[in-house]
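Single-letter residue listing:
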Amino acid sequence: MAGIAFPEPSQAILARKREIVAALKALIPADAVIEDARELVPYETDAFTAYRRVPLAVVLPRSTDEVSRVLKYCHEAGVPVVPRGAGTSLAGGAIPLEDAVVVGVARMDRLIDVDFANRTARVEAGMTNLAISDAVGPKGFFYAPDPSSQLACTIGGNIANNSGGAHCLKYGVTTNNILGLTLVLDDGEVVEIGGDAIDAPGYDFLGLLCGSEGQMGIITEAVVRILPKPEGARPVLFGFATSEDAGACVADVIGAGIVPVAMEFMDKPAIEICENFAHAGYPMDAGALLIVEVEGSNAEMASMLARIIEIARAHKVQTIKESQSAMEAAAIWKGRKSAFGATGRVADYICMDGTVPLGKLSHVLKETDRIVESYGLRVANVFHAGDGNMHPLVLYDVNDPDERVKAEAAGMDILKLCVESGGCLTGEHGVGIEKRDLMHHQYRPEELAQQKRIRAAFDRAERFNPSKVFPLEARS
Amino acid sequence: MTGLVAERTTVPASEAEAVDLIREHAARAMPLRILGGGTRKAGRASGPATLLSTAGLSGITLFEPAEMVLSAKAGTPMAEIEAALDAKGQMLPFEPMDHRRLLGTGGEPTIGGVAAGNICGPRRFKAGGARDSLIGLRFINGAGEVIRSGGRVMKNVTGLDLVKLQAGACGTLGLLSEVTFKLLPTPETSASLVIEGLGDEAAVALLCKAAGSPFEMTGAAHLPAGAGSATARTVLRVEGFADQVTYRLERLAALCESPALRLDARDSLALWRDIRDGVVLDAAPGDAVWRVSIAPNRAPKLAARLRGARRFTHIYDWCGGLMLLATPEEGDAGAEVLRAAVAAEGGGHATLLRGSEALRARIDVFQPLTPGLERLTRAVKASIDPKGLFNPGLMYPGL
Ligand SMILES: Cc1cc2nc3c(=O)[nH]c(=O)nc-3n(C[C@H](O)[C@H](O)[C@H](O)COP(=O)(O)OP(=O)(O)OC[C@H]3O[C@@H](n4cnc5c(N)ncnc54)[C@H](O)[C@@H]3O)c2cc1C
């Protein structure tokens, strides 16, 4: 069976398991160290479930100080470390290695402090994305980046992956919404990067850490920006006959100088899957669907929508459905945000995440269909159209090894197409192990080597999350 | 740069020529000082180096208004970029400051200088800085290799984000040869509210309250008495379609609880240009000017703390999150008391924006780093520019 290679685990480290576990238990409370084979199973993979490795041990520290002690020990003992949040990575970024200790921040989930006047919150890295918005919601605020996994995923994982979400068109992604971090380095040293001021001094290490995929240190706390909620928000469904019409409409809305809060796309297979799951009232006769959300006062939303509707009409929009109530609005978003989960109920899938220039959207969609068909598989497309971030879900049967290989191959072809179209391999899910071996398609060897040297400025022995992101043969 | 003993000035006409030049310098371990438009006499003064002008790397290489993205070679004058954007009703979202009037410099600011300096303006607290709109770049590292990061698409997490790392590194991490920014439509119109006579504390509290409202304020400054007017002015700006602007301004006015004057688009634009460029600051010709970054509502406390210690004038932007502070150059121009006060107020940082070469040689222009950050800074510098070719000493001694 083809597939993604893992490095051979170090027998020397495996042989020291007992000693390593004992040392960890001496450093932090014993209940924070998991070593039993059965109890390790929940940690053997993330949301890229086709690959699994049971780690040497899992530790779940409760403070920055405990993380620091664990890392100092691992540094001295030469043990690799795999940082983990909630394990919702779609790229295998949190999949353990057999000779590594997983350091999970899930138990560090406290809200430390909210400063409403300055619109910031300091949180522990294991706090979930949605919990932040829930905590500040009663005062009329929210944390903007909203990955569909926001109920489960942690802010630490969001930072490590620079995660996005449906509303990033207006509010930006994680890197635009973080002001400070507490980072524990390879040897256990704790550094504060940024703080609660609007910009940070020196090199932009905040920007560098966002998207570093757990390879530069463990984030234990973050200062996030919180924003006032809009007066109102209204998602509207637009049904089109074809994906081309929908794609062209997206390009024209942006081209007309209108930046809605969100512009989400679904093709016919995705509409069917999501509607059957969420009963959101999606038009079943449409070949493609856009969810466009506008914000503001009633009058502001109405005038913005009027402009968008006019453009949609020029693209032969078939149905326009405005949400009439908060419940309808929630149903519309439920359908979209549960797209992956709903798809998971009808088939296994791998989710690609390339971004393409808006002008190439229609072309890439058509080619995607052709590629997947050529492997005899099916694809459903749901994605962030306003910023060109595609999410083709290639459907297959995980119990059929042949199909899995085909699905992976189709996915790789799609990503190469994205790069060739002037885009990139991943817009928000990260490289992880999944796209590691495709990095050559986007970067030249000297570019990969430069990135690796920068990473090594933080993680001197490349002990954090080894065998991820960078092609194995390019490793030193 | 004045007073610098330059061996020579070179003007590579292409990225390939710049590569050759950098390789030559790498082979002989000879430093380079990168010169964009020369509008900012920024950074620490330091020793001799070859001046590398980006003037030969000029021109817009990609502009797709329908995708709101623009790429240009690093030496492209901002005036050229702005003219091209204007023609299509688009803009750089972060409203970059033009330093010339405050610093008394000439030259033409370049897009590469804006990227390398992470230059921004009043919209920063709402729309981000240059770093937030910069989505791709090409740079040449200390080995003379061309390195690309990011690209022309809006979302990209493929590999490390060297785009952000370069924004604000002031050319100490290589020569930027081309940069790509995402754009926004220029708002149809804008307007401002001005409330007169508020003290610093009350003004900043008001601005913070307004920023916490849903009315999308995009400018929030307080100009104490003496800053361009005999009475203190607190200024709130909104931008958008005409109907939005009218509505939001009304709502913000209601929230202010004090009588507010309304500035129409023309007056509002003019005032915000002066705020952006720091020229409303009441600075004497010989004064040093500091740029202080701190959590907004602690800024007035910082000013109060300084009042006994030093003579100064100041303005607040970004709801208070940015202070420009003018003070006589004598001694260390207040570096020590200022930074101590910032630390005592819970942290932030102070950078010298304007100062004579003598002053820049005797004090830390950039906020000194904590030991942990300093180690990382040196390690990152060494990973890109191991021989220390680029802008040596500009940000930190020995780096
Ligand atoms: C149903 C579903 C929907 C999703 N929708 C979206 C979406 O809309 N947008 C989007 O961007 N992503 C989405 N994702 C992907 C995923 O949820 C995000 O990448 C998320 O940020 C991962 O967070 P996590 O806490 O689960 O991190 P994990 O999966 O545990 O880890 C992710 C990576 O971060 C590292 N890491 C985790 N915590 C830390 C830390 N504290 N310090 C340093 N490194 C750390 C890990 O080593 C790993 O490399 C979705 C996933 C699923 C399953």
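Anything mentioned here points back to the structure above.
Here is a short report on the structure shown in this document. (Residues numbered from 1 in each chain as written. Chains lettered and ligands numbered in written order. Predicted model: local features only at pLDDT ≥ 70, side-chain atom pairs only at ≥ 80, totals over all residues. Heavy atoms only, no water.)

**Quick notes on the sheet that holds strand β7 (residues 134–140) of chain B**
All names here are of chain B.
Then, number 1: The sheet built from five strands is open, its strands ordered β4-β5-β9-β7-β8 with antiparallel pairing. One side of each edge strand has no neighbouring strand; the edge strands of this open sheet are β4 (60–64) and β8 (146–150). Put simply, the sheet's adjacent strands are angled 10° from each other on average, direction ignored.
Then, number 2: Here β7 runs beside strand β9 (residues 175–182); their pairing, made up of six bridges, is antiparallel. Considered in β9, the bridge of Leu137 is made with Val179.
Then, number 3: Against the sheet, helix α2 (residues 78–87) touches β4 and β5 (69–73), its axis set at about 25° to β4. (Pairing = 2+ DSSP bridges. Helix = DSSP H or I, 4+ residues; strand = E, 2+ residues; numbered from the N terminus. Axes fitted to C-alpha atoms, helices over the stretch in contact; angles between N-to-C directions. Contact = heavy atoms within 4.5 Å.)

**Structural notes on the packing of aromatic side chains**
All names here are of chain A.
Then, number 1: On inspection of all chains with the given rule, the structure shows 11 aromatic pairs over all chains.
Then, number 2: With 6.2 Å between their ring centres and 85° between their planes, Tyr203 and Phe205 make a pair best called edge-to-face. This pair shows no difference in class: Tyr203 is buried, exactly as Phe205 is.
Then, number 3: On the numbers, 5.4 Å between centres and 90° between planes, the contact of Phe205 with Phe458 is edge-to-face. You can see Phe205 sitting in helix α8 (residues 205–209) and its partner Phe458 sitting in helix α17 (residues 445–458), a full 253 residues away along the chain. (Phe/Tyr/Trp six-rings, centres within 6.5 Å; stacked < 30°, edge-to-face > 60°. Buried < 20%, exposed > 50% of the residue type's maximum accessible area, 1.4 Å probe, protein only.)

**Quick word on the environment of B:Gly43**
Residues and elements named next belong to chain B.
Then, number 1: With respect to the helices and strands, the residue Gly43 is situated in the loop between β2 (32–35) and β3 (50–53).
Then, number 2: A relative accessible area of 1% means that Gly43 is categorised as buried.
Then, number 3: Here the alpha-carbon distance between Gly43 and His349, two residues 306 residues apart in the chain, equals 15 Å.
Then, number 4: Residues contacting Gly43, with those up to four places away along its chain left out, are Arg360, Val365, Phe366 and Leu394.

**A short note on the site of the ligand**
Residues and elements named next belong to chain A.
Then, number 1: Lining the immediate environment of the ligand, one finds 33 residues, of which Pro83, Thr88, Ser149, Thr154 and Ser163 sit closest.
Then, number 2: Within the contact set of the ligand, an oxygen atom lies 2.7 Å away from a backbone nitrogen or oxygen of Gly85.
Then, number 3: Side-chain polar atom of Thr154 to an oxygen atom of the ligand: 2.6 Å apart, as the coordinates give it.
Then, number 4: For the ligand, whose free accessible area comes to 970 Å², the fraction covered by protein is 95%.
Then, number 5: If you list the elements that add at least two residues to the shell around the ligand, you get β3 (81–84), α6 (155–161) and β10 (218–225).
Then, number 6: The leading source of residues in the shell around the ligand is α6, at five residues.
Then, number 7: Class assignment for the residues of the shell around the ligand results in 12 nonpolar, 18 polar and three charged. (Near = heavy atom within 4 Å. Polar contact = N/O pair within 3.5 Å; in protein donor to acceptor, adjacent residues only side chain to side chain. Areas by Shrake-Rupley, 256 points an atom, 1.4 Å probe, with all protein chains shown as cover. Nonpolar A, V, L, I, M, F, W, Y, C, P; charged D, E, K, R; others polar.)

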